[in-house]
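One-letter residues, chain by chain:
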Amino acid sequence: MYIPAVFREERSEVIEAAMAAHPLAALVTMGSSGLDATHLPLLYYPSEGGLGVLRGHMARANPQWRESAPVGEALAIFGGPQHYVSPSWYPSKKEHGKVVPTWNYIAVLARGILTVKDDPTWLLENVSSLTERQEKASESPWRVSDVPSDFIENMLSAIVGLELKITRLEGKWKMSQNRPVADREGVISALESLDSTHARETAKLIKAALRS
């Protein structure tokens, strides 16, 4: 991923928090039919050796896992808050007019070696962990144990587990760091005035970058 130095994010805690907050990733692999991709939630385990591992699962009917089995290189792409930035938000537009539109966004790319997991115990742990992470904010969280065991067994038989051992982890936080402070403040003000979750979240990230 092309990352100008001003946009590079190397703090592990920031990257980990982004993957936890936006776990739906595009998993890209190369198989006999060429490039393939599937969107699926992935959990990050940073303490499991080196740069850590990502774990998830996909439908057994999805041919992507077969083409990359038993092992193969893969790329997981995580997104996050993002928003269009209008040149009209820059005070410098009135000064010289030499401004153009852009897009602010964050991205995390995890490269590594992908292995397929077909053990029922591993699969149950994965779906349980995914569920617990997403249900923890609920007043009455749903649990895998709420479902009859024979139904869960049938569901587990319809998926395969995936584990990506990360060999390279990169973060790109493009949040107007290349603009003068006044322009950055103009973007923050404009985004905060919009009725959009992505706009508000992007504004928060620009503020954080402005303070760093």
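Residues numbered from 1 in each chain as written. Predicted model: local features only at pLDDT ≥ 70, side-chain atom pairs only at ≥ 80, totals over all residues. Heavy atoms only, no water.

Draft legend 1. Quick peek at the overall build of the chain. Helix and strand counts for the chain stand at seven helices and nine strands. In the chain, which comprises 212 residues, the proportion classed as buried is 43%. Of all intrachain contacts in the chain linking residues separated by at least 6 positions in sequence, the fraction that spans at least 24 positions is 74%. Carbon and sulfur atoms make up 55% of the accessible area of the chain, which totals about 11800 Å². Looking at the chain, you have 23 positive and 25 negative side-chain charges, and the mean spots of the two groups are 10 Å apart. (Helix = DSSP H or I, 4+ residues; strand = E, 2+ residues; numbered from the N terminus. Buried < 20%, exposed > 50% of the residue type's maximum accessible area, 1.4 Å probe, protein only. Contact = heavy atoms within 4.5 Å. Areas by Shrake-Rupley, 256 points an atom, 1.4 Å probe, with all protein chains shown as cover. Lys, Arg positive; Asp, Glu negative; His and termini not counted. Charge placed at Lys NZ, Arg CZ, Asp CG, Glu CD.)

Draft legend 2. Geometry of the side chain of Glu163. In this fold, Glu163 is placed in strand 9 (residues 159–174). Residue classification places Glu163 among the buried residues on the basis of a relative accessible area of 14%. Beyond its immediate chain neighbours, meaning those up to four positions away, Glu163 contacts Val53, Leu54, Arg55, Ile113, Leu114, Thr115, Lys117 and Trp122.

Draft legend 3. Examining the pairing of strand 8 (residues 102–117) more closely. Sheet topology note: the strand 7 (residues 82–85)/strand 8 ladder contains four bridges and is antiparallel. By the bridge assignment for strand 8, His83 is matched with Asn104. Where strand 8 lies against strand 9, 13 bridges are found, and the strand directions are antiparallel. For Ile106, the partnering residue across the bridge sits in strand 9 and is Trp173. (Pairing = 2+ DSSP bridges.)

Draft legend 4. Region of interest: the environment of Ser157. Relative to the elements of secondary structure, Ser157 occurs in the loop between helix 5 (149–156) and strand 9. A C-alpha to C-alpha distance of 9.2 Å links Ser157 and Leu123, two positions 34 residues apart in sequence. Within the local environment of Ser157, its side chain forms a polar contact with the backbone oxygen of Asn154, the two atoms lying 2.6 Å apart. (Polar contact = N/O pair within 3.5 Å; in protein donor to acceptor, adjacent residues only side chain to side chain.)

Draft legend 5. Structural detail: the layout of surface pockets. Of the pockets and cavities examined, the largest pocket occupies roughly 220 Å³. Surrounding the largest pocket, Val6, Phe7, Arg8, Glu9, Arg11, Val14, Trp173, Gln177, Leu205, Ala208, Ala209 and Ser212 form its lining. Mapped onto the lining of the largest pocket, the elements with two or more residues apiece are strand 1 (8–9) and helix 7 (197–211). It is helix 7 that contributes the most residues to the lining of the largest pocket, three residues altogether. Split by residue class, the lining of the largest pocket holds seven nonpolar, two polar and three charged. (1 Å grid on protein atoms, 1.4 Å probe; cavity = no way out; pocket = protein on both sides within 12 Å on 5 of 7 lines; lining within 4 Å. Points joined across faces, edges and corners; volume = space filled by probe spheres on them. Nonpolar A, V, L, I, M, F, W, Y, C, P; charged D, E, K, R; others polar.)

Draft legend 6. How the structure looks around the pattern of salt bridges. This structure, assessed with the given rule, holds eight salt bridges. Here Arg11 and Glu9 are joined by a salt bridge, their closest N and O atoms 2.8 Å apart. Here Glu9 falls in the buried class, since its relative accessible area comes to 9%. One salt-bridge network, held together by shared partners, links Glu48, Arg55 and Glu163. (Salt bridge = Lys/Arg side-chain N within 4 Å of Asp/Glu carboxyl O.)

Draft legend 7. Inspection of the side chain of Lys172 at higher detail. Mapping Lys172 onto the fold places it in strand 9. For the buried Lys172, no salt bridge exists, and the shortest N-O distance to an oppositely charged side chain is 10 Å, to Glu170. A polar atom in the side chain of Lys172 sits 2.9 Å from the side chain of Tyr105. Lys172 has contacts with Met1, Tyr2, Ile3, Pro4, Phe7, Tyr105, Ile106 and Ala107, leaving out every residue within four places of it along the chain.

Draft legend 8. Region of the structure containing helix 4 (residues 120–135). A rise of 1.5 Å per residue sets the reference length of helix 4, with its 16 residues, at 22 Å; its end C-alpha atoms lie 22 Å apart and thus fit the reference within 8%. Burial in helix 4 covers these residues: Trp122, Leu123, Asn126, Val127, Ser128, Ser129, Leu130 and Thr131. The inward-facing, buried residues of helix 4 contact strand 3 (34–41), strand 4 (43–45), strand 5 (53–59), strand 8, helix 5 and strand 9. (Expected span 1.5 Å × (residues − 1).)

Draft legend 9. Structural view of the pairing of strand 5. Counting buried positions along strand 5 gives five out of seven residues, so the element sits mostly inside the fold. Sheet topology places strand 4 next to strand 5; three bridges connect them, and they run antiparallel. Across the sheet, residue Leu43 finds its bridge partner in strand 5, namely Arg55. Where strand 5 meets strand 9, seven bridges bridge the pair, whose relative direction is antiparallel. Directly across from Met58, in strand 9, lies its bridge partner Val160.

Honestly, it's all geometry; don't read function into it.
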